[in-house]
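Secondary and tertiary structure notes
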Amino acid sequence: MSSQEISEESLHEQDTAHGKALAENPFANPGLPPHKPRIQDIDERAAKRSERTVALLFTISMLATVGFIASFVIFPVDKIVYVWPLGHVSATNLSLGLTLGLALFCIGAGAVHWARTLMSDVEIADDRHPIEAAPEVKAKIMADFAQGAKESALGRRKLIRNTMFGALAMVPLSGVVLLRELGPLPEKKLFHTSWGKGKQLINMNTHEPLRPEDVAVGSLTFAMPEGLSEEDHDFNNKIAKDALMIVRIQPEDIKDKRELEWSHDGIVAFSKICTHVGCPISLYEQQTHHVLCPCHQSTFDLSDGARVIFGPAGHALPQLRIGVNDKGFLEALGDFEEPVGPAFWERG
């Protein structure tokens, strides 16, 4: 018999034995390879190095969280920086993403390094148990948990424990800071506009200061405060409160006493922002001195304190007290005395 025939017969016998074993027990325990200790298991200096590495990662996470919070304070929302190869990006978004990503990565990397180098890596095989745990199983689980806690060296490795707790405690602060993105605090912004004593009325079409003779009887002119420019990054936010309607009415046609006192030679200035939902008012009927909001047809009588005579608006239009400066230009004599905009009192 040749060696090849012997080899084939031997392989056939092995396959037959293996098949018989599978038939008897298809889930036979293959056994575990012998455990090989790591260098940290036999060398305390190596274990200390791993401990310092894990602590360093947790410390970097804490510093990154501090950087995340500082980024909110340091970088303006509109600041753009050039970063190669990304190009021009928002400084706030870039710094927030980098710091938060670094904080989370270092916590994960520290936990993985801790588990791989310092926690016990001895594999333990156990049989599958019924879903309902017996009392002896519960006791075994608690014993295993206590053993695992002991082998993790959490009590003995105080440097790791303290830095880990510090990193886990500080990361949620990032979420607290993110609450800022719900919107800025209103402070006193709802009560005030850019108007103030001495601010000249600037024609929004010509961008030139207005003189009394520039406002004809029956005309409607739109104005904004001196110093406000369409190039400003917050122009849209400011003009939404500062926009002004200028009309000239014969003084004898003005019914409201305060309106007459706050006017100049029949020139009256009212907020252009409808008190219903904040639409800009632009339709003026010169015979009746009524202005109409095009959104929901709220109608205001500019000869009678801009009171509401029709529609869903709940408040009269705020009036701005005006006068003439020593150069002959129209100017504001203060800010609006009541808040500008829709449904303010229902909100506040």
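Notes on the structure in this doc start here. Owing to the predicted nature of the structure, the values given are computational and were not obtained by experimental measurement. (Residues numbered from 1 in each chain as written. Predicted model: local features only at pLDDT ≥ 70, side-chain atom pairs only at ≥ 80, totals over all residues. Heavy atoms only, no water.)

Side note on the sheet that holds strand 3 (residues 201–203)
The strand order across the open sheet built from 5 strands is 3-4-5-6-11, with neighbouring strands paired in antiparallel fashion. Two strands bound the open sheet, and with one partner strand each, they are strand 3 and strand 11 (319–320). Examined bridge by bridge, strand 4 (residues 220–225) and strand 5 (residues 244–248) share 4 bridges and lie antiparallel to one another. Bridged to Phe222 within strand 5 is Met245. (Pairing = 2+ DSSP bridges. Helix = DSSP H or I, 4+ residues; strand = E, 2+ residues; numbered from the N terminus.)

As for unusual backbone geometry
With omega at 5°, the peptide bond leading from Trp84 into Pro85 counts as cis. Its location among the elements puts Pro85 in the loop between strand 1 (80–83) and strand 2 (87–90). For Gln297, which is not glycine, the phi torsion reads 65° and is therefore positive.

Some words on the state of the cysteines
Where two cysteines share a covalent bond between their sulfur atoms, that bond is called a disulfide. For the structure on display, the rule yields 1 disulfide. Residue Cys274 stays outside any disulfide, its sulfur separated by 3.8 Å from that of Cys293, the closest cysteine. On the basis of relative accessible area, Cys274 is assigned to the buried category, the value being 0%. (Disulfide = S-S within 2.5 Å. Buried < 20%, exposed > 50% of the residue type's maximum accessible area, 1.4 Å probe, protein only.)

Considering the side chain of Ser71
Here Ser71 is to be found in helix 3 (residues 44–74). Ignoring any residue separated from it by four or fewer positions in sequence, one finds Ser71 in contact with Ser95, Leu96 and Thr99. (Contact = heavy atoms within 4.5 Å.)

Geometry only, nothing functional implied.
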